[in-house]
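Fold and contact review
Residue-level listing of the chains:
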Amino acid sequence: MRTKIVAGNWKMNPNRETAVALVKSIADLYAASAKDIRSTIVICPPFLYLSECKDLLKSTPLLHLGAQNCHTETKGAYTGEISAEMLASVGAEYIIIGHSERRLYFGEDAQFLNGKVKACLSAGLTPIFCCGESLKEREAKNHFEVVESQIKEALFGMSPVDFPKIILAYEPVWAIGTGLTATPEQAQEMHHFIRNLIGQQYGTDLAEKVAILYGGSCNAANANELFSQPDVDGGLIGGASLKAADFLAIINAATQNMK
Ligand code: PGA
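Residues numbered from 1 in each chain as written. Predicted model: local features only at pLDDT ≥ 70, side-chain atom pairs only at ≥ 80, totals over all residues. Heavy atoms only, no water.

Observations concerning helix H5 (residues 110-122)
The terminal C-alpha atoms of H5, which comprises 13 residues, lie 18 Å apart, in line with the 18 Å expected from a rise of 1.5 Å per residue. Every buried residue of H5 is accounted for by Ala 110, Leu 113, Asn 114, Gly 115, Lys 116, Val 117, Ala 119, Cys 120 and Leu 121. Backbone geometry just downstream of H5 places Gly 124 in the positive-phi region, at approximately 80°. (Helix = DSSP H or I, 4+ residues; strand = E, 2+ residues; numbered from the N terminus. Expected span 1.5 Å × (residues − 1). Buried < 20%, exposed > 50% of the residue type's maximum accessible area, 1.4 Å probe, protein only.)

Shown next, in the form of structure tokens:
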């Protein structure tokens, strides 16, 4: 059985004060129900607050810390960039790679993302690799093709030893921050497609081990239905991860769906 994973992507939202308040509320709510929680939880604050969040999470070691991006190189003349090693050194264990906002606004392509995934793995961190189609691509019925090429181009050069260290997140771009969630059937259809694709490349045993999260307007009201789908292994949560109670409700939905 695969563990369900819930990762909160805070994006460029909280200031220091709200980030600290949020991490404290999540840690308190988590501590109050920790004995019932079996899913893996990750919070991904902006870089700036990682160290402080890590300190605040000392008493809740099962709440993991992630970053929202990293560079491909370990160090050097890359003004403004942050390496996976640096993130590891402040306690991050996960890094979101290839979020559609990075692809769209920062022009990150498959080759660059491949380098980032490799950088995460060599720093001993877990990449959460995002893929997903735009509305135009779905309307043109190209969604499977688009997701297939995003995964193949960035990830299928990985060895069978490295590939299962990667978490995938299917995030249809039209559902991110829009309130338009994929239906549980649409999510399951794509997750099943992705698992099959991995199976064709690496074998079904390996494909069964890979976690595939859903992201895109996943919230306290729809998480249970989404997570009940056999190939949906949890969620990458944006807006709803900024409200501690909603995030905890999503975490509980993940635990409830761990059969
Ligand atoms: P959303 O964002 O939950 O606000 O739609 C998800 C994401 O971008 O990871």
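Picking up where we left off.
Some details on the pairing of strand E5 (residues 126-131)
Within a regular strand, side chains alternate between the sheet's two faces. Burial analysis of E5 places 5 of its 6 residues in the buried class, the great majority of the element. Two strands pair when backbone bridges link them, and strand E4 (residues 94-97) and E5 are joined in this way by 4 bridges, in the parallel orientation. Of the residues in E5, the one forming a bridge with Ile 95 is Pro 127. Two strands pair when backbone bridges link them, and E5 and strand E6 (residues 167-170) are joined in this way by 4 bridges, in the parallel orientation. Within the sheet, the bridge partner assigned to Phe 129 lies in E6 and is Leu 168. (Pairing = 2+ DSSP bridges.)

Some remarks on the nonpolar core
Residues Leu 155, Phe 163, Leu 168, Ile 194 and Phe 227 are the most contacted members of the largest nonpolar core, which totals 72 residues. Per-element accounting of this core gives the leading share, 7 residues, to helix H11 (residues 244-256). Ignoring any residue separated from it by four or fewer positions in sequence, one finds Phe 227 in contact with Lys 4, Val 6, Cys 218, Val 232, Gly 234, Gly 235, Ile 250, Ala 253, Ala 254 and Asn 257. Grouped together as the second largest cluster of nonpolar side chains are 13 residues, Ile 5, Ala 7, Tyr 94 and Ile 128 included. (Core = buried A, V, L, I, M, F, W, Y, C linked by side-chain atoms within 4.5 Å. Contact = heavy atoms within 4.5 Å.)

Side note on helix H1 (residues 16-33)
For H1, which comprises 18 residues, the first-to-last C-alpha distance of 26 Å matches the rise-based estimate of 26 Å (1.5 Å per residue) to within 8%. Every buried residue of H1 is accounted for by Ala 19, Val 20, Leu 22, Val 23, Ile 26, Ala 27, Tyr 30 and Ser 33. Where H1 begins, the capping side chain belongs to Asn 15, and its oxygen is found 3.1 Å from the backbone nitrogen of Glu 17. (Polar contact = N/O pair within 3.5 Å; in protein donor to acceptor, adjacent residues only side chain to side chain.)

A look at the site of the ligand
The local shell around the ligand holds 13 residues, among which Lys 11, His 99, Glu 171, Gly 177 and Ser 217 are the closest. Within the side chain of Lys 11, an N or O atom sits 2.7 Å from an oxygen atom of the ligand. Note that an oxygen atom of the ligand is positioned 2.8 Å from one of the backbone N or O atoms of Gly 239. About the coverage of the ligand: the protein hides 95% of its 280 Å² of free accessible area. Among the detected pockets, the ligand sits in the second largest pocket. The class makeup of the residues in the shell around the ligand is 4 nonpolar, 7 polar and 2 charged. (Near = heavy atom within 4 Å. Areas by Shrake-Rupley, 256 points an atom, 1.4 Å probe, with all protein chains shown as cover. 1 Å grid on protein atoms, 1.4 Å probe; cavity = no way out; pocket = protein on both sides within 12 Å on 5 of 7 lines; lining within 4 Å. Sits in = over half its atoms within 2 Å of the grid points. Nonpolar A, V, L, I, M, F, W, Y, C, P; charged D, E, K, R; others polar.)

Some thoughts on the packing of helix H7 (residues 143-155) against helix H8 (residues 184-202)
Look at H7 against H8: their axes get within 11 Å of each other, and the N-to-C directions meet at 40°. Taken together, the axis directions place H7 and H8 in an arrangement best described as oblique. Two packed elements cross with a definite hand, and for H7 against H8 that hand is right-handed. Taken together, the residues of H8 that come into contact with H7 (itself represented by His 143, Phe 144, Val 147, Glu 148, Ile 151, Lys 152 and Leu 155) are Glu 189, Met 190, Phe 193, Ile 194, Leu 197 and Tyr 202. (Axes fitted to C-alpha atoms, helices over the stretch in contact; angles between N-to-C directions. Parallel < 35°, antiparallel > 145°, perpendicular 65-115°, else oblique. Left-handed = near helix turned anticlockwise from the far one by under 90°.)

Considerations on the packing of aromatic side chains
Within this structure, the stated rule accounts for 5 aromatic pairs. Cluster of aromatic residues (ring-pair linked, three or more members): Phe 156, Phe 163 and Tyr 202. (Phe/Tyr/Trp six-rings, centres within 6.5 Å; stacked < 30°, edge-to-face > 60°.)

Side note on the pattern of salt bridges
Enumeration according to the criterion identifies 13 salt bridges in this entry. Measuring nitrogen to oxygen at the nearest pair gives 2.8 Å for the salt bridge that ties Arg 16 to Glu 52. Note that Arg 16 is positioned in helix H1 and Glu 52 in helix H2 (residues 50-56), a separation of 36 residues in sequence. Relative accessible area serves as the criterion here: at 51%, Arg 16 is assigned to the exposed category. For Glu 52, a relative accessible area of 26% translates into the label partly exposed. Put simply, Arg 2, Arg 195, Glu 208, Asp 231 and Asp 233 are held in one network by salt bridges that share partners. (Salt bridge = Lys/Arg side-chain N within 4 Å of Asp/Glu carboxyl O.)

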